[in-house]
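Chain by chain, the residues run as shown.
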Amino acid sequence: MAFGSMNSSNRQLPMAEINVVPLVDVMLVLLVIFIITAPLLTHSVKIDLPKASSSPNITQPEHVEFALRDDSSLYWNGESVTMDQLAPRFTEAVGQNPNIELHIRADKHVHYEHVAQVMSIAAKAGLVRIGFVTDPSKK
């Protein structure tokens, strides 16, 4: 490597060669790090995952089918009810089974305000499992 010239003038010319020693040092450090960490990535914890079956679950949990129509009529498992009857019915259902589910079926033209009221009454009664039933085949 040439760091200077033998010129009689005391002027320094720029160095035209690339110093690769720092690059080799960095590459060696990265190589050592990779060699150390690569075996650590292959170690894993062996666990027995549950096997999924494609058959539907026949035992269904107890649930309440609740329907709201666009004319503001309410149905509890197919039986017509009023908004005033909901709180005692929800409380009674939770009293019988604390893990009971509420399946809400609402027409697409029902105002969300009515759905929110039903969900609020159910939550106050202690129902924590609330779901919406939809039909993906209809558009």
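Starting afresh in each chain, residues are numbered from 1 along the sequence in its written order. Confidence filtering applies because this is a predicted model: local features only for residues at pLDDT of at least 70, side-chain atom pairs given and counted only at 80 or more, and all residues used for totals across whole chains, interfaces and linings. Think of the side-chain values as coming from all heavy atoms in the structure, minus any hydrogens and water.

**What to know about the pattern of salt bridges**
Put simply, a salt bridge is a Lys or Arg side-chain nitrogen that is within 4 Å of an Asp or Glu carboxyl oxygen. Tallying each qualifying case throughout the model produces 3 salt bridges. For Arg89, the salt bridge is made with Glu79, and the minimal N-O distance between the two is 2.8 Å. Here Arg89, found in helix α2 (residues 86-96), pairs with Glu79, found in strand β3 (residues 79-81); they are 10 residues apart in sequence, far enough to count as distant. On the accessibility criterion, Arg89 (22% relative accessible area) is partly exposed. A run of DSSP states H or I qualifies as a helix once it reaches four residues; a run of E qualifies as a strand once it reaches two. Both are numbered from the N-terminal end. Accessible area is worked out with a 1.4 Å probe on protein chains only. A residue is then buried under 20% of its type maximum, exposed over 50%, and partly exposed in between.

**Overview of the pairing of strand β4 (residues 101-106)**
Whether two strands pair depends on DSSP finding at least two bridges between them. Relative to β4, strand β1 (residues 63-68) runs parallel, the two being bridged by 6 bridges. Looking at the pairing, Leu68 lines up with Ala106 of β4. The sheet contact formed by β4 and strand β5 (residues 129-132) spans 4 bridges and is parallel. Following the sheet pairing, Glu101 is matched in β5 by Arg129. In this fold, β4 hands off to helix α3 (residues 112-125), which returns the chain to β5; that crossover is right-handed. With its strands directed away from the observer, a crossover is right-handed exactly when the path from the first strand over the helix to the second travels clockwise.

**Some details on a nonpolar patch on the surface**
Together, Ile18, Val20, Leu23, Val24, Leu28, Leu31, Phe34 and Ile35 give the surface a local cluster of nonpolar side chains, amounting to about 820 Å² of exposed area. Along the polypeptide, Ile18 turns up in the segment before α1 (21-42). Residue classification places Ile18 among the exposed residues on the basis of a relative accessible area of 69%. Exposure above 30% relative accessible area and the lack of any salt bridge qualify a residue for a patch; like charges then connect within 9 Å, and the nonpolar side chains Val, Leu, Ile, Met, Phe, Trp and Tyr within 5 Å. Here, Shrake-Rupley sampling with a 1.4 Å probe gives the accessible areas, and only protein chains in the shown set may cover a residue.

**Re the nonpolar core**
Definition used in this section: a nonpolar core is a set of buried Ala, Val, Leu, Ile, Met, Phe, Trp, Tyr and Cys residues joined via side-chain atoms within 4.5 Å. Residues Phe66, Leu68, Trp76, Leu86, Phe90, Leu102 and Leu127 are the most contacted members of the largest nonpolar core, which totals 19 residues. Within the residue set of this core, elements represented by two or more residues are β1, β2 (74-76), α2, β4 and α3. Residue contacts follow a heavy-atom distance rule, with two residues in contact if any of their heavy atoms lie within 4.5 Å. Residue contacts for Leu86: discarding those within four places in its chain leaves Phe66, Leu74, Trp76, Val81, Val118 and Ile121.

**Quick look at the UniProt feature "transmembrane region" (unreviewed entry) in the chain**
Per the UniProt entry, the sites bearing "transmembrane region" (unreviewed entry) are residues 20-41 in this numbering. Regarding residues 20-41, the helix share stands at 95% and the strand share at 0%, and the terminal C-alpha atoms are separated by 31 Å. UniProt positions are given in the numbering used here, feature names are shortened, and annotations may be inferred rather than shown by experiment.

**With respect to the packing of aromatic side chains**
Note on aromatic pairs: the rings of Phe, Tyr and Trp (six-membered ring only in Trp) are paired at centre separations within 6.5 Å, and the planes decide the class, stacked below 30 degrees, edge-to-face beyond 60, tilted for the rest. If you walk through the whole model with that rule in mind, you get 3 aromatic pairs. Aromatic pair Phe66 and Phe90: ring centres 6.2 Å apart, planes at 50°, arrangement tilted. Residue Phe66 is found in strand β1, and its partner Phe90 is found in helix α2; the two are separated by 24 residues along the sequence. Of the residues examined, Phe66 reaches a relative accessible area of 0% and is grouped as buried. Taken together, the aromatic side chains of Phe66, Trp76 and Phe90 make up a single cluster linked through ring pairs.

**A look at the sheet that holds β1**
An order of β3-β2-β1-β4-β5 is seen for the 5 strands of this open sheet, with the pairing classed as mixed. Edge strands, defined here as strands with exactly one partner in the open sheet, are β3 and β5. The mean angle between the axes of side-by-side strands here comes to 30°, regardless of whether they run parallel or antiparallel. Here β1 runs beside β2; their pairing, made up of 3 bridges, is antiparallel. Residue pairing in the sheet places Ala67 in a bridge with Tyr75 of β2. In this fold α2 packs onto β1, β2, β3 and β4, with an angle of close to 25° to the strand it touches most, β2. The axes are straight lines fitted to the C-alpha atoms, using for helices just the contacting stretch, and the angles between their N-to-C directions are given from 0 to 180°.

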